[in-house]
Amino acid sequence: MQPHVIVLGNEKGGSGKSTTAIHLAVFLLRAGHTVGVVDLDARQGTLTRHVGNRAAYAERHGLDLPVPAVRAVERSTVAVETQEFQAAIDDLSRDCAYIVIDTPGSDSPLSRLGHAAADTLVTPLNDSFVDLDMLATVDPDTLEILRPSQYADMVFEQRKARMARRRRPIDWVVLRNRLAHLDARNKRDMGAILDRLARRIGFRLAPGFGERVIFRELFLKGLTLLDLRDTDPEGGLTMSHVAARQEVRSLAEAIGLGLPAPALSGPVDTKRIAAE
Ligand SMILES: Nc1ncnc2c1ncn2[C@@H]1O[C@H](COP(=O)(O)OP(=O)(O)O)[C@@H](O)[C@H]1O
Ligand SMILES: [Mg+2]
């Protein structure tokens, strides 16, 4: 099978990569797809633990919860990492229509390997200028974009490498995460800069995730808000749960899951590619 590979990447810890990874994986499972996940941040192991907690919860409660196949690749020499990563992908590709890869919050050969495998790269970004710095340097007075960040350059390199290998181009989707209900001014400024940046470095902006307790409180049980009806059929869904569900669905739609991959709205800089 030729799976659709979705990579969660951002060179900053705590931006929501692992959270988004598990929510996308469970969304796809619940849509009836076979899903494998690869944890390249085995040191933190958030995704591996979330899946492990999930299997344990299902067993404890006799529930038939869909659980993704999981592989973790530990840090090692580049040769061993490359071999183990490829083995994990080959292994999961046998059965899985989708592979979701979680990466560490720092640049490393392992993180690059993950990015190079992406059909879709999803970059969650906390809605603050501190996190925006990971994509580009912005003039503090005018809010003009001065230059793309090292991370944006790294993504560009991986895109070029894929083109050279005649692979499908990476569709880069940026997701604003932990959007506050208040703070309209920050939201607006961030929105305006991200729109410009999307065109400049070639990503699409997905509708974001709000700051919601439900995105984090089910980790120990290995659940997500997409499982609530099965695990607590009597429990009512709050407005926040319903809104969170819609946010996950909107991300899946923005990625084009189950649909043909949408065209990039922000053009890849082909002139720059040609010049190199
Ligand atoms: N939308 C959200 N609402 C509330 N908490 C969130 C949200 N997204 C992430 N978190 C929390 O933020 C922290 C960092 O998220 P995580 O997914 O582990 O980031 P990363 O994998 O990028 O380091 C975790 O405690 C997580 O539960
Ligand atoms: Mg993580």
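Structural data are supplied above this passage.
The sections below set out a description of the structure shown in this document. Computed from a predicted structure; not experimentally measured.

1. Structural notes on the overall build of the protein
Regarding its fold elements, the protein presents 10 helices and nine strands. Since a compact globule built from 276 residues should have a radius of gyration of about 19 Å, the 18 Å found for the protein is in line with a globular shape. For the protein, with 276 residues in total, the buried portion stands at 39%. Within the protein, contacts between residues separated by at least 24 positions form 76% of all contacts whose residues are at least 6 apart in sequence.

2. Things to note about the nonpolar core
Soluble, globular proteins show a tendency: their nonpolar side chains are buried together. Of all hydrophobic cores here, the largest spans 61 residues; its most connected members are Ala25, Val37, Ile99, Val100, Ile101 and Val173. Those residues in contact with Val100, other than ones at most four positions away along the chain, are Ile6, Ala21, Leu24, Ala25, Val35 and Val37.

3. Considering the pairing of strand E4 (residues 98-102)
Along any regular strand the residues' side chains alternate between the sheet's two faces. In terms of burial, E4 is largely enclosed, as five of its five residues are buried. Judged by which residues are buried, E4 turns out to be covered on both faces: Tyr98, Val100 and Asp102 on one side and Ile99 and Ile101 on the other are all buried. Note that strand E1 (residues 4-8) and E4 share five bridges and pair parallel. The residue bridging Val7 from the neighbouring strand is Ile101, located in E4. The pairing of strand E2 (residues 35-39) with E4 spans five bridges and is parallel. Looking at E4, one finds that Gly36 is bridged to Ile99.

4. Digging into helix H7 (residues 184-201)
The first and last C-alpha atoms of H7 sit 25 Å apart over 18 residues, in line with the 26 Å expected at 1.5 Å per residue. Turning to H7, its buried residues number three or more, namely Met190, Leu197 and Ile201. In a view along the axis of H7, the buried residues occupy a sector of 35°, so they form one face of it. Of the exposed residues in H7, the ones pointing more than 90 degrees away from its buried face are Ala184, Arg185, Arg188, Ala192, Asp195 and Arg199.

5. A few points about the site of ligand 1
Not every one of the 16 residues close to ligand 1 is listed here, only the nearest: Lys17, Ser18, Thr19, Phe215 and Arg216. With three residues, the single largest contributor to the shell around ligand 1 is helix H1 (residues 17-30).

6. What to know about the packing of helix H4 (residues 109-116) against helix H6 (residues 150-164)
Running from amino to carboxyl end, H4 crosses H6 at an angle of 50°, the nearest separation of the two axes being 9 Å. Of the possible angle classes, the one that applies to H4 and H6 is oblique. Classified by chirality, the crossing of H6 by H4 is right-handed. Taking contact as the criterion, the partners of Arg112, His115 and Ala116 in H4 are, on H6, Met154, Val155, Gln158, Ala161 and Arg162. By residue class, the composition of the contact of H4 with H6 is four nonpolar, two polar and two charged.

7. Observations concerning the sheet that holds strand E3 (residues 69-72)
In space, the seven strands of this open sheet follow the order E3-E2-E4-E1-E5-E8-E9, with parallel pairing throughout. What marks the edges here is a single partner per strand, and that holds for E3 and strand E9 (204-206). Direction aside, neighbouring strands of the sheet carry axes that sit 25° apart on average. Note that E1 and strand E5 (residues 120-126) share three bridges and pair parallel. Across the sheet, Val7 pairs through a bridge with Leu121, a residue of E5. Packing against the sheet, helix H2 (residues 46-60) makes contact with E2, E3 and E4, and its axis sits at approximately 135° to E2.

8. Quick notes on unusual backbone geometry
When glycine is set aside, most residues are seen to have a negative phi, and most peptide bonds are trans. The phi dihedral of Arg166 is positive, around 55°, even though this residue is not glycine. Structurally, the position occupied by Arg166 is in the loop between H6 and strand E8 (171-177). Arg166 gets classed as exposed once you count the C-beta atoms within 10 Å, which come to 6. Positioned with a positive phi, Arg178 is a non-glycine residue whose angle comes to about 55°. The topology assignment puts Arg178 in the loop between E8 and H7. In this structure Arg178 comes out as buried when scored by C-beta crowding, with 20 C-beta atoms within 10 Å.

9. Re the pairing of E1
Within E1, five of the five residues are buried, which leaves the element mostly enclosed by the surrounding structure. A two-sided burial pattern is seen for E1, the buried positions comprising His4, Ile6 and Leu8 on one face and Val5 and Val7 on the other.

10. Notes on H4
Across the eight residues that make up H4, a large majority, six, are buried. Looking at H4, one finds that the buried residues are Leu110, Ser111, Arg112, Leu113, Gly114 and His115. At its buried positions, H4 is contacted by E1, helix H3 (78-93), E4, E5 and H6.

Criteria and thresholds
- Residues numbered from 1 in each chain as written.
- Chains lettered and ligands numbered in written order.
- Predicted model: local features only at pLDDT ≥ 70, side-chain atom pairs only at ≥ 80, totals over all residues.
- Helix = DSSP H or I, 4+ residues; strand = E, 2+ residues; numbered from the N terminus.
- Rg over C-alpha atoms; globule rule 2.2 N^0.38 Å.
- Buried ≥ 20, exposed ≤ 12 C-beta atoms within 10 Å, placed from the backbone.
- Contact = placed C-beta atoms within 7 Å.
- Core = buried A, V, L, I, M, F, W, Y, C linked by C-beta atoms within 7 Å.
- Pairing = 2+ DSSP bridges.
- Expected span 1.5 Å × (residues − 1).
- Arc of directions from axis to C-beta.
- Near = placed C-beta within 6 Å.
- Axes fitted to C-alpha atoms, helices over the stretch in contact; angles between N-to-C directions.
- Parallel < 35°, antiparallel > 145°, perpendicular 65-115°, else oblique.
- Left-handed = near helix turned anticlockwise from the far one by under 90°.
- Nonpolar A, V, L, I, M, F, W, Y, C, P; charged D, E, K, R; others polar.

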